[in-house]
2 protein chains.
Amino acid sequence: MSTENPTASREAQSTVTTGSVGLVAPKSHRFSEPLQLACGRILQDYTLVYETYGELNSDKSNGVLICHALSGHHHAAGRHGPDDKRPGWWDHYIGPGKPIDTDKFFVVSLNNLGGCHGSTGPVSTNPASGKPWGPDFPSLRVRDWVHSQARLADLLGIEQWAAVIGGSLGGMQAMRWSLEYPERLRHCVVIASAMKLSAQNIAFNETARQAITSDPDFCEGRYLELNKLPRRGLAVARMIGHITYLSDHGLANKFGRELRSGSFQQGADEEVEFQIQSYLRYQGDTFSNSFDPNTYILMTRALDYFDLAREYGDDPVAAFANARCRFLLIAFTSDWRFAPERSREITDALMHANVPVSYAEIESAMGHDAFLLPNERYEGIFRTYMQRVAVEQLEDRD
Amino acid sequence: MSTENPTASREAQSTVTTGSVGLVAPKSHRFSEPLQLACGRILQDYTLVYETYGELNSDKSNGVLICHALSGHHHAAGRHGPDDKRPGWWDHYIGPGKPIDTDKFFVVSLNNLGGCHGSTGPVSTNPASGKPWGPDFPSLRVRDWVHSQARLADLLGIEQWAAVIGGSLGGMQAMRWSLEYPERLRHCVVIASAMKLSAQNIAFNETARQAITSDPDFCEGRYLELNKLPRRGLAVARMIGHITYLSDHGLANKFGRELRSGSFQQGADEEVEFQIQSYLRYQGDTFSNSFDPNTYILMTRALDYFDLAREYGDDPVAAFANARCRFLLIAFTSDWRFAPERSREITDALMHANVPVSYAEIESAMGHDAFLLPNERYEGIFRTYMQRVAVEQLEDRD
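This structure is a prediction, so every number in the text was calculated from the model and none was measured.

Scoring rules and cut-offs
Residues numbered from 1 in each chain as written. Chains lettered and ligands numbered in written order. Predicted model: local features only at pLDDT ≥ 70, side-chain atom pairs only at ≥ 80, totals over all residues. Heavy atoms only, no water. Helix = DSSP H or I, 4+ residues; strand = E, 2+ residues; numbered from the N terminus. Rg over C-alpha atoms; globule rule 2.2 N^0.38 Å. Buried < 20%, exposed > 50% of the residue type's maximum accessible area, 1.4 Å probe, protein only. Contact = heavy atoms within 4.5 Å. Areas by Shrake-Rupley, 256 points an atom, 1.4 Å probe, with all protein chains shown as cover. Pairing = 2+ DSSP bridges. Axes fitted to C-alpha atoms, helices over the stretch in contact; angles between N-to-C directions. Least-squares fit on C-alpha atoms with pLDDT ≥ 70 in both. Buried area = accessible area lost by both parts, 1.4 Å probe. Salt bridge = Lys/Arg side-chain N within 4 Å of Asp/Glu carboxyl O. Phe/Tyr/Trp six-rings, centres within 6.5 Å; stacked < 30°, edge-to-face > 60°. Lys NZ or Arg CZ within 6 Å of the ring centre and 35° of its normal. 1 Å grid on protein atoms, 1.4 Å probe; cavity = no way out; pocket = protein on both sides within 12 Å on 5 of 7 lines; lining within 4 Å. Points joined across faces, edges and corners; volume = space filled by probe spheres on them. Nonpolar A, V, L, I, M, F, W, Y, C, P; charged D, E, K, R; others polar. Expected span 1.5 Å × (residues − 1). UniProt positions renumbered as here; feature names shortened; annotations may be inferred. Polar contact = N/O pair within 3.5 Å; in protein donor to acceptor, adjacent residues only side chain to side chain. Right-handed = clockwise from strand over helix to strand, strands pointing away. Parallel < 35°, antiparallel > 145°, perpendicular 65-115°, else oblique. Left-handed = near helix turned anticlockwise from the far one by under 90°. Core = buried A, V, L, I, M, F, W, Y, C linked by side-chain atoms within 4.5 Å.

Asker: Describe the overall build of chain A, and please don't skip the residues or the numbers.
Answerer: Helix and strand counts for chain A come out as ten helices and 14 strands. For 398 residues, the compact-globule estimate of 2.2 N^0.38 gives 21 Å, and the C-alpha radius of gyration of chain A, at 21 Å, lies within 12% of that figure. Split into buried and exposed, the 398 residues of chain A put 61% on the buried side. Relative to all contacts within chain A whose residues are 6 or more apart in sequence, the contacts with residues 24 or more apart total 73%. Of the accessible surface of chain A, which amounts to about 14800 Å², a share of 46% is contributed by carbon and sulfur atoms.

Given below as structure tokens:
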């Protein structure tokens, strides 16, 4: 993975020599029961695209739900075809013998509502107008995703997940699950997440949105109807996100001040370009060709709006008093957007609410992106925890 | 100042009850001797705009040069008119009885070459074309500024500065002075600076430049000729800079998650806006009406390119072996773009080069911007050091 993933570094060490889930094909389901959204609007029907890995056992007790982050999607593991250059975004952690062991679990990974990878979202057709939803797509909150995921669980016959797992924005969904459907999950794994964003995090998201909306090709969000695309704005937005998901040390290790072209020779009148510059531009361009700007705005807003304890009198202990599952919290030392301090706050609130919780702080130079990357200690802790989840489930059956 | 400066916080406490330099008027001088630039090109003539505060003494030994940072200019202290709402950008630290005491020193503050506040730069007319220089203005390095500042010293009859002082990019100029003109300064005050930028810093600057150059109104830098202005791109660039010059805690203290409009009430279908969002937009808009985009690109490139020890075999000890002045280094605990670690590196190199240096790490929640803001300990240390500079100068005369 380290040769394919541009953010992997020397730190990346893996002891995993186990297999892949192999070739996978996305599934799709149209839900025709109207969904009441937190904003007050109602989605009459919607489609969710998802993938599953492993087999659902006879009593349907081994389901694991994967909740994706900002720019994620349903394709978490395996490959769609033999020529696929890259596996799913969490392939390192999902598969036979891997921490989320598909020999033991039935893993479900979906593209969230509002996404741009097949589930109903801003790029879908608004039945009322026959045109793309665009900016008219309803504003979503994390809880809306959780409710739509619960419908997917119903569809699959899963009354209770063995675990709901997510990193970053995915961790927010996992926590919301524990409060909205306390009886429907036995474990909640929250990685590199927070109970709410800080002003600095909101500020970065706002700047990214401004980059998109101030691109003249944004056309107030109606770019698809007008056959335009605010590519430049989305590229800048992605660059902002990308820098902040990495750490200072991680970037220093990978790029330092290496030049890509030009020279600092006195008198050499050529433009100097650092490696980090062309890398960032590449990241921005690639992303802007594969992601929908309105979706990026919708997802970052959901991140900003999330506030776990808002309706519990701003008291996270009161909020978590409703939880019935066990928790694993993981944070990474160099993650400055979802710092370990944020995970410790969650852990403290859970402890005060008498909810069983394990917390691991993982040494890493890879910043927020560490949750996606190989890391021996992270893998070890994650694997050990999930093995216990699998064993408990067997014991329950005995 | 704290009511006028939006970044000042509760932390801001000042014991300074001393006066202002009062009304000041910028001066301007056209230098007609060609200036050889590091890039190899030659500027045939150029104008520098500057202000002076205090009186030059008879032996011209009390001159202090202020070097400005990225978006700074010559107007560092006092007011241009009785109705001026704000004083110069460093008014808190320059004036009678203030750390840079204008009762003792003759303070010189200029707009750097390439600037957009009156000195020759991209908005000036290119004599070769009769049109604005725009993107054809030569690429500048920190040393070019130092050389042009030396010409200004010649003009004013100042053979040796009592001190050269700068924060951030200004600190880079001060350090370069100590190597290029070791006999022409007795003290070098380097605040919140670094010997070179990290990959993360370059990445933020690159993203800001991308925001500007990808604005269709940028027109490859020829916007002035075409009567356009890439305002939106510059606003996004400023937003990126602004967030990173503040600290996470500083933003949290000032804005937290306070709402400006909208509501999180379930079912309330209104757009939610946080205070931090409108604040950032305001900062971006204000800046984009007062700063030149090509200048912003030029200044951020000079920041990226600066590497104090590059031509000394990448050995800062070898570089500083040439310095003949004393140093004061100051850094702020919450500054994550020019972290205390960077100032400690400078201090260590100076010590190993047997150059006298004092280093102070100031507790502050205000991030990089702390160097501009009131802070009692910062003021105290700065004042004490500068008083010693003034006394030494008197002793020298005896």
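Next comes the rest of the write-up.
Asker: Pulling in residues and values, what's your account of the sheet that holds strand 8 (residues 106-110) of chain A?
Answerer: Pairing between the strands of a sheet is mediated by backbone hydrogen bonds and can be parallel or antiparallel. Residue and element names in this part refer to chain A. Read across the open sheet, the eight strands follow the order 1-4-8-5-9-10-13-14; overall the sheet is mixed. The strands lining the two open edges of the sheet, one partner per strand, are strand 1 (27-31) and strand 14 (357-362). Between one strand axis and the next, the sheet turns through 20 degrees on average, direction left out of account. Pairing of strand 5 (residues 63-67) with strand 9 (residues 163-167) involves four bridges; the strand directions are parallel. Within strand 9, the position partnered with Val 64 by the bridge is Ala 163. Against the sheet, helix 2 (residues 169-180) contacts strand 5, strand 9, strand 10 (187-191) and strand 13 (326-332), and its axis sits at roughly 150 degrees relative to strand 9.

Asker: Break down the relation of the copies chain A and chain B for me, citing the residues and quoting the values.
Answerer: Applying a rotation about an axis and a shift along it to one chain copy brings it onto the other copy. Laying chain A over chain B is done by rotating through 180 degrees and shifting 0.0 Å along the axis; what remains is an RMSD of 0.0 Å. Within this description, the copies of the chain are treated as partners about a two-fold rotation axis. Take the interface residues of chain A: 100% of them recur as interface residues in chain B, which is what a same-surface contact looks like.

Asker: With reference to specific residues and values, describe the interface of chain A and chain B.
Answerer: At the junction of the two partners, chain A supplies 60 residues and chain B supplies 60 residues. Across the chain A/chain B interface, buried area totals approximately 4700 Å², and carbon plus sulfur atoms make up 58% of it. Broken down residue by residue, the surface that chain A buries against chain B is led by A:Gln200, A:Arg257 and A:Phe264, which jointly contribute 13%. For the pair chain A and chain B, the interface holds four salt bridges. Of the charged contacts in the structure, one is a salt bridge between B:Asp307 and A:Arg257, with a shortest N-O distance of 3.8 Å. Elements represented by at least two residues in the side of chain A that touches chain B include exactly helix 3 (199-213), helix 4 (231-245), helix 5 (248-254), helix 6 (275-288), helix 7 (293-305) and helix 9 (340-352) of chain A.

Asker: Describe the packing of aromatic side chains, listing the residues and the values that go with them.
Answerer: Taken as a whole and judged by the stated rule, the model has 44 aromatic pairs over all chains. Pairing A:Tyr93 with A:Tyr378 gives two aromatic rings, centres 4.7 Å apart and planes at 40 degrees, and the pair type is tilted. With A:Tyr93 in the loop between strand 5 and strand 6 (94-95) and A:Tyr378 in helix 10 (residues 376-397), the pair connects residues that are 285 residues apart, well separated along the chain. Ring plane angle 40 degrees and centroid distance 5.9 Å describe the contact between A:Phe218 and A:Tyr223, whose orientation is recorded as tilted. Among the residues examined, A:Tyr223 registers a relative accessible area of 0% and is labelled buried. Each residue in the set A:Trp89, A:Trp90, A:Tyr93, A:Phe332, A:Tyr378 and A:Phe382 is aromatic and connected to the rest through ring pairs, giving one cluster. When the ring centre of B:Phe264 is taken as origin, the NZ or CZ atom of A:Arg310, which lies over that ring, is 3.5 Å away. One Lys or Arg, B:Arg184, reaches over the ring of B:Tyr181 and ends 6.0 Å from the middle of that ring.

Asker: With reference to specific residues and values, describe empty space enclosed by the protein.
Answerer: Applying the stated criterion across every chain yields a total of nine cavities of 30 Å³ or more. In this model, the largest cavity occupies a volume close to 110 Å³. Looking at the largest cavity, it is lined by 14 residues, and the ones nearest its centre are A:Ala211, A:Ser214, A:Asp215, B:Ala211 and B:Ser214. The residue makeup of the lining of the largest cavity, split by class, is six nonpolar, four polar and four charged.

Asker: Go over helix 7 of chain A, please, and point to the residues and values.
Answerer: For helix 7 of chain A, which comprises 13 residues, the first-to-last C-alpha distance of 18 Å matches the rise-based estimate of 18 Å (1.5 Å per residue) to within 8%. Across the 13 residues of helix 7 of chain A, twelve count as buried, placing the element largely inside the fold. Within the span of helix 7 of chain A, buried status applies to A:Pro293, A:Asn294, A:Thr295, A:Tyr296, A:Ile297, A:Leu298, A:Met299, A:Thr300, A:Ala302, A:Leu303, A:Asp304 and A:Tyr305. In this fold, the buried residues of helix 7 of chain A make contact with helix 1 (142-156), helix 2, helix 3, helix 4 and helix 6 of chain A together with strand 12 (273-274) of chain B.

Asker: Any chance you could break down the UniProt feature "active site" (unreviewed entry) in chain A for me, citing the residues and the numbers?
Answerer: All names here are of chain A. The UniProt record marks Ser 168, Asp 335 and His 368 with the feature "active site" (unreviewed entry), using the residue numbering of this structure. For the annotated residues, spread through 201 residues, the largest C-alpha to C-alpha distance comes to 10.8 Å, consistent with a single compact locus. Within the element layout of this structure, Ser 168 appears in the loop between strand 9 and helix 2. Excluding residues that lie within four positions of it along the chain, Ser 168 makes contacts with Ala 69, Ile 191, Ala 192, Ser 193, Phe 338, His 368 and Phe 371. Ignoring sequence-local partners within four residues, the contact set of His 368 consists of Ser 168, Ala 192, Tyr 245, Asp 335 and Phe 338. A polar atom in the side chain of His 368 sits 2.8 Å from the side chain of Ser 168.

Asker: Break down the environment of A:Met366 for me, with residues and values.
Answerer: Tracing the backbone through its elements, the reader meets A:Met366 in the loop between strand 14 and helix 10. Taking the C-alpha atoms as reference points, A:Met366 and A:Leu246, 120 residues apart in sequence, are found 5.7 Å from one another.

Asker: Go over the UniProt feature "site: Important for acyl-CoA specificity" (unreviewed entry) in chain A with me, naming the residues and quoting the values.
Answerer: Residues and elements named next belong to chain A. On the UniProt side, "site: Important for acyl-CoA specificity" (unreviewed entry) is annotated at positions that read Arg 337 here. When you line up the elements, Arg 337 lands in the loop between strand 13 and helix 9. For Arg 337, the residues in contact, after removing those within four places along its chain, are Asn 201, Phe 204, Asn 205, Gly 241, Thr 244 and Tyr 245. Within polar-contact distance, the side chain of Arg 337 engages the side chain of Thr 244 at 2.7 Å.

Asker: Just give me the short version of the sheet that holds strand 9 (residues 163-167) of chain B, but keep the residues and values in it.
Answerer: All names here are of chain B. What the eight strands build is an open sheet, ordered 1-4-8-5-9-10-13-14; its pairing is mixed. A single partner strand is all that each edge strand has here, and the edge strands are strand 1 (27-31) and strand 14 (357-362). Sheet twist, expressed as the mean angle between neighbouring strand axes with direction ignored, is 20 degrees. Bridge count for strand 5 (residues 63-67) against strand 8 (residues 106-110) is four bridges, and the pairing is parallel. If you follow Gly 63 over to strand 8, its bridge partner there is Phe 106. On the sheet, helix 1 (residues 142-156) packs against strand 1, strand 4 (46-53), strand 5 and strand 8 and is oriented at approximately 60 degrees with respect to strand 4.

Asker: Break down the pairing of strand 9 of chain A for me, citing the residues and quoting the values.
Answerer: Residues and elements named next belong to chain A. Of all five residues that make up strand 9, five are buried, and the element is covered over most of its length. Here strand 9 shows no split at all, with Ala 163, Ile 165 and Gly 167 on one side and Val 164 and Gly 166 on the other all buried. Bridging between strand 9 and strand 10 involves four bridges; their strand directions are parallel. Pairing of Gly 166 across the sheet is with Val 190, part of strand 10. This β-α-β element, strand 9 to helix 2 to strand 10, shows right-handed connectivity.

Asker: Can you break down the packing of helix 3 of chain A against helix 7 of chain A residue by residue, with the values?
Answerer: Residues and elements named next belong to chain A. It is at 10 Å that the axes of helix 3 and helix 7 come closest, and there the two elements cross at 160 degrees. Classified by the angle between their axes, helix 3 and helix 7 sit roughly antiparallel to one another. Crossing geometry of helix 3 relative to helix 7 is assigned as left-handed. In contact with Ile 202, Asn 205, Ala 208, Arg 209, Ile 212 and Thr 213 of helix 3, helix 7 contributes Pro 293, Tyr 296, Ile 297, Thr 300, Arg 301, Leu 303 and Asp 304. In terms of residue class, the contact of helix 3 with helix 7 is made up of seven nonpolar, three polar and three charged.

Asker: Account for the nonpolar core, naming residues and giving values.
Answerer: Counting residues in each nonpolar core, the largest one holds 182 residues, and the members touching the most others are A:Phe320, A:Phe327, B:Phe320 and B:Phe327. B:Phe327 has contacts with B:Ser178, B:Cys188, B:Val190, B:Phe320, B:Leu350, B:Val355, B:Pro356, B:Val357, B:Ser358 and B:Tyr385, leaving out every residue within four places of it along the chain.

Asker: So what's going on with unusual backbone geometry? Residues and values would help.
Answerer: With phi around 55 degrees, A:Glu220 is a residue other than glycine that occupies positive phi space. Structurally, A:Glu220 can be placed in the loop between helix 3 and helix 4. When its relative accessible area of 70% is taken as the criterion, A:Glu220 is described as exposed. For B:Ser168, which is not glycine, the phi torsion reads 60 degrees and is therefore positive.

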